[in-house]
Amino acid sequence: MQNILITGGAGFIGSNFVRYLLQKYPAYSVVVYDKLTYAGNLDNLRDVERHPQYAFVRGDICDAAAVERAIAEHKIDTLVNFAAETHVDRSILDADAFIRTDVYGTYVLLEAAKKFGLRYHQVGTDEVYGWVEQGSSRETDPLVPRSPYAASKASADLLIGAYVVTHHVGATITRGANNIGPYQFPEKVVPLFVTNAIDDLPLPLYGDGKQQRDYQFVLDHCEAIDAVLHRGVIGEAYNVGTGHETYNIDLAHAILKLLNKPASLIQHVPDRAGHDRRYSLDVSKLHALGWQSRHAFAAALEKTVQWYVANAWWWRKLKSGEYLAYYKKQYEERT
Ligand code: NAD
Ligand code: TYD
């Protein structure tokens, strides 16, 4: 493993992973391939843009010729796919781009992996298991996605399984729980609530706020991807999370407390359609690879809040233009 293509590397988790790889593996060459959608942002990679082992290619994962060109030009041997449409609420408003990128785009990348003999890793999600009423999801559980986003990611996982069996592509999958940390687009609940709270704006909490998520720190997720990329068994999927869930209402209160803002900023708004009330992961398979989460929820949240307080330059300009149009569409009738 020497020359790694990181598709979707200009997004939240991808950019954290690029920074992590360049620090940990000085011999690796890291090439980011990204379409730069509304969620892709070169500010996320500003601190590595002059790194001698780093290069950026703008391109769409649905464009097979452009993908192959990037792989050939940079002598790529490994591909880690973060590229996706990722926001559940947007997938409810319009799923078109989700099917294109998350399903068709994954197919294009698998074809390229087959043709060039690449090691392939897919960054997947716990949302493929659907609402987990009791217990915790294991990797062998059925995929029962309930949002268009989750269905597009589950489709990708199924395609990968088929390419491993039929075409012997050397692929692995990680299924991560909700990530929090630096550079997350402020549509997702944590950066949305934190940046709204900083500006004394309401925190729109869906329904009763008793939905549960396993909020993990993004660098723990990066370490898990690293572990699976280097030590995972081909053809296998691995759950990634802390293994502990938090209620959204408790998350909202914790954010307000860290920022010294009043609880009156919490505004209960009508629920998301088809809202999965709980995700929960059994992470013992990944523990067996020697990985452990290093940030419990409270520490992860505190680090995250501090970063948004210190980096208003990064998020303030994102909360304009297309973002405001989306925000109006998503929240105006709710509030
Ligand atoms: P993000 O929305 O912040 O970034 C996605 C990136 O993909 C952006 O840089 C965007 O420009 C790029 N992209 C989108 N469509 C593309 C296309 N057609 N071609 C090339 N690039 C394209 O996403 P994120 O939160 O960093 O998530 C990264 C991956 O991790 C996704 O696959 C997501 O499903 C998965 N995941 C996310 C979470 C989470 O909590 N954010 C949890 C588990 C898994
Ligand atoms: P989100 O960050 O969109 O991640 P996902 O839906 O992929 O888990 O949402 C996390 C949780 O927060 C989810 O239960 C929905 C809830 N939520 C709100 O209550 N209000 C909001 O404005 C948003 C965006 C999410």
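Notes on the structure follow. (Residues numbered from 1 in each chain as written. Chains lettered and ligands numbered in written order. Predicted model: local features only at pLDDT ≥ 70, side-chain atom pairs only at ≥ 80, totals over all residues. Heavy atoms only, no water.)

### Some details on the site of ligand 1
Stage number 1. Near ligand 1 lie 28 residues; those nearest to it are I13, D34, T86, Y149 and K153.
Stage number 2. Contact between ligand 1 and K35: a nitrogen atom at 3.1 Å from a main-chain N or O atom of the residue.
Stage number 3. Residue G40 places a main-chain N or O atom 3.5 Å away from an oxygen atom belonging to ligand 1.
Stage number 4. Burial of ligand 1 by the surrounding chains reaches 97%, relative to a free accessible area of 840 Å².
Stage number 5. Elements that contribute at least two residues to the shell around ligand 1 include exactly α1 (12-24), β5 (119-125) and α5 (148-167).
Stage number 6. A total of three residues in the shell around ligand 1 trace back to one element, the largest contributor, which is β5.
Stage number 7. For the shell around ligand 1, a count of residues per class yields twelve nonpolar, twelve polar and four charged. (Near = heavy atom within 4 Å. Polar contact = N/O pair within 3.5 Å; in protein donor to acceptor, adjacent residues only side chain to side chain. Areas by Shrake-Rupley, 256 points an atom, 1.4 Å probe, with all protein chains shown as cover. Helix = DSSP H or I, 4+ residues; strand = E, 2+ residues; numbered from the N terminus. Nonpolar A, V, L, I, M, F, W, Y, C, P; charged D, E, K, R; others polar.)

### Description of the site of ligand 2
Stage number 1. Lining the immediate environment of ligand 2, one finds 20 residues, of which E127, P204, R272, H275 and Y331 sit closest.
Stage number 2. Here an oxygen atom of ligand 2 sits 2.4 Å away from a polar atom, N or O, in the side chain of E127.
Stage number 3. In this structure, N178 approaches ligand 2 through a side-chain N or O atom, which is 2.8 Å from an oxygen atom.
Stage number 4. Protein chains bury 97% of the 510 Å² of accessible surface belonging to ligand 2 in isolation.
Stage number 5. Elements represented by at least two residues in the shell around ligand 2 include exactly α3 (88-93), α6 (189-198) and β8 (203-206).
Stage number 6. When grouped by side-chain class, the residues that make up the shell around ligand 2 number nine nonpolar, five polar and six charged.

### Details of the nonpolar core
Stage number 1. Within the largest apolar cluster, 32 residues are counted, with the highest numbers of intra-cluster contacts made by V190, F193, V194, L203, I255, L301 and W314.
Stage number 2. Taken together, the elements giving at least two residues each to this core come down to α6, β8, α8 (248-258), β13 (266-269), α10 (297-310), α11 (312-316) and α12 (322-331).
Stage number 3. Sequence-distant contacts of V190, defined by excluding residues within four places in its chain, comprise I180, Y215, L251, I255, L301 and T304. (Core = buried A, V, L, I, M, F, W, Y, C linked by side-chain atoms within 4.5 Å. Buried < 20%, exposed > 50% of the residue type's maximum accessible area, 1.4 Å probe, protein only. Contact = heavy atoms within 4.5 Å.)

### Considerations on unusual backbone geometry
Stage number 1. If you check the backbone angles, L36 has positive phi at about 55 degrees while not being a glycine.
Stage number 2. Residue position: L36 is located in the loop between β2 (29-34) and β3 (54-58).

### Details of the pairing of strand β4 (residues 78-81)
The two faces of the sheet receive side chains in turn, since in a regular strand these alternate between them.
Stage number 1. Alternating positions in β4 separate into two faces, T78 and V80 on one and L79 and N81 on the other, with burial throughout.
Stage number 2. Pairing of strand β1 (residues 3-7) with β4, which is carried by four bridges, proceeds in the parallel orientation. Along β4, the bridge assignment pairs I4 with T78. (Pairing = 2+ DSSP bridges.)

### Some details on the sheet that holds β3
Stage number 1. Across the sheet, which stays open at both edges, the seven strands sit in the order β3-β2-β1-β4-β5-β6-β11 with parallel pairing between neighbours. Looking at strand neighbours, the two that pair on one side only are β3 and β11 (237-240), the edges of this open sheet. With direction set aside, neighbouring strand axes in the sheet form an average angle of 20 degrees.
Stage number 2. The strands touched by α1 within the sheet are β1, β2, β3 and β4, with β1 carrying the most contacts at an inclination of about 165 degrees.
Stage number 3. Seen against the sheet, helix α4 (residues 96-116) touches β1, β4 and β5 and runs at an angle of roughly 160 degrees to β5. (Axes fitted to C-alpha atoms, helices over the stretch in contact; angles between N-to-C directions.)

### Side note on the side chain of Q122
Stage number 1. Of note, Q122 is situated in strand β5.
Stage number 2. We classify Q122 as buried; its relative accessible area is 1%.
Stage number 3. At a separation of 2.7 Å, a polar atom in the side chain of Q122 contacts the side chain of Y120.
Stage number 4. Beyond its immediate sequence surroundings of up to four residues, Q122 is in contact with N81, T106, K153, A156, D157, I160, T172, I173 and T174.

### Description of helix α7 (residues 218-231)
Stage number 1. Given a rise of 1.5 Å per residue, 14 residues ought to cover 20 Å, and the 20 Å separating the end C-alpha atoms of α7 matches this to within 8%.
Stage number 2. Counting buried positions over the 14 residues of α7 gives eleven, a clear majority of the element.
Stage number 3. Taken residue by residue, α7 has V218, D220, H221, C222, E223, A224, I225, D226, A227, V228 and L229 as its buried positions. (Expected span 1.5 Å × (residues − 1).)

### Comments concerning the environment of G170
Stage number 1. Here G170 shows up in strand β6 (residues 170-176).
Stage number 2. Among the residues examined, G170 registers a relative accessible area of 18% and is labelled buried.
Stage number 3. Other than its neighbours up to four places away in sequence, G170 contacts L118, R119, Y120 and I234.

### Thoughts on the packing of α1 against α7
Stage number 1. Between α1 and α7, the shortest axis-to-axis distance is 9 Å and the interhelical angle comes to 65 degrees. Both α1 and α7 take part in a crossing whose hand is right-handed. The residues of α7 that touch α1, namely those facing F12, I13, N16, F17, Y20 and K24, are V218, L219, H221, C222, E223, I225 and D226.
Stage number 2. For the contact of α1 with α7, the per-class residue count stands at eight nonpolar, two polar and three charged. (Left-handed = near helix turned anticlockwise from the far one by under 90°.)

### Some words on the packing of α6 against α8
Stage number 1. Put simply, α6 and α8 touch, their axes get as near as 10 Å, and they point 40 degrees apart. As far as their axial angle goes, α8 and α6 are oblique. You can see that α6 and α8 cross each other, and the crossing is right-handed. Between α6 and α8, the residues in contact are V189, V190, F193, V194 and A197 and L251, A252, I255 and L256, respectively.
Stage number 2. Among the residues making up the contact of α6 with α8, the classes are represented as nine nonpolar, no polar and no charged. (Parallel < 35°, antiparallel > 145°, perpendicular 65-115°, else oblique.)

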